[in-house]
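Listed below are the residues making up each chain.
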Amino acid sequence: MEARIGEPYQVDARTWACPAALEGVDGRYPDIFGDGSMQALSLAMGLIATRLGHMLENDAQLVYPEDRSPWNGATFGAANPAARIVHRRDD
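A brief structural summary. What you see is a predicted model; the values in this text were computed from it and never measured. (Residues numbered from 1 in each chain as written. Predicted model: local features only at pLDDT ≥ 70, side-chain atom pairs only at ≥ 80, totals over all residues. Heavy atoms only, no water.)

## Here we look at the environment of Ala49
Next up, step 1: By the element assignment, Ala49 lies in helix α1 (residues 37-57).
Next up, step 2: What makes Ala49 partly exposed here is its relative accessible area of 49%.
Next up, step 3: For the pair formed by Ala49 and Ala3, sequence separation is 46 residues and the distance between their alpha carbons is 9.4 Å. (Helix = DSSP H or I, 4+ residues; strand = E, 2+ residues; numbered from the N terminus. Buried < 20%, exposed > 50% of the residue type's maximum accessible area, 1.4 Å probe, protein only.)

Okay, structure coming up:
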């Protein structure tokens, strides 16, 4: 599974949109719209964070793709940000 957030793009004079996807789980979501590029990006990031949170609440586990070692959320920011594969603990 890989989380992807695309570059915000302008739809009209006031509206921006941002692509977001959880490949391998939900696929691509409908583009997320906001009143500006930062709002669209922030809402897309929030969607991914919320969806990952729900998965973790249901016994999913984030691991590093290189060796499938568990990712520790307590070290977020200090650890390798490439932790992106999600699998069930019983895998």
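## Quick notes on the side chain of Asp31
Next up, step 1: Along the chain, the position of Asp31 falls in the loop between β5 (27-28) and β6 (32-34).
Next up, step 2: We classify Asp31 as buried; its relative accessible area is 18%.
Next up, step 3: A distance of 2.4 Å separates polar atoms of two side chains, one belonging to Asp31 and the other to Tyr9. (Polar contact = N/O pair within 3.5 Å; in protein donor to acceptor, adjacent residues only side chain to side chain.)

## Examining a nonpolar patch on the surface
Next up, step 1: On the surface, a cluster of nonpolar side chains totalling about 280 Å² of accessible area is made up of Tyr9, Val11 and Phe33.
Next up, step 2: Structurally, Phe33 can be placed in strand β6. (Patch = residues over 30% accessible without salt bridge, like charges linked within 9 Å, V, L, I, M, F, W, Y side chains within 5 Å. Areas by Shrake-Rupley, 256 points an atom, 1.4 Å probe, with all protein chains shown as cover. Salt bridge = Lys/Arg side-chain N within 4 Å of Asp/Glu carboxyl O.)

## Some points on the sheet that holds strand β3 (residues 16-18)
Next up, step 1: In spatial order, the strands read β2-β3-β6; together these three strands make up an open sheet with antiparallel pairing. Two strands close off the open sheet at either side, each with one partner strand: β2 (9-10) and β6.
Next up, step 2: Pairing of β2 with β3, which is carried by two bridges, proceeds in the antiparallel orientation. By the bridge assignment, Gln10 is partnered in β3 with Trp16.
Next up, step 3: Packed on one face of the sheet, α1 meets β3 and β6 and runs near 145 degrees to β6. (Pairing = 2+ DSSP bridges. Contact = heavy atoms within 4.5 Å. Axes fitted to C-alpha atoms, helices over the stretch in contact; angles between N-to-C directions.)

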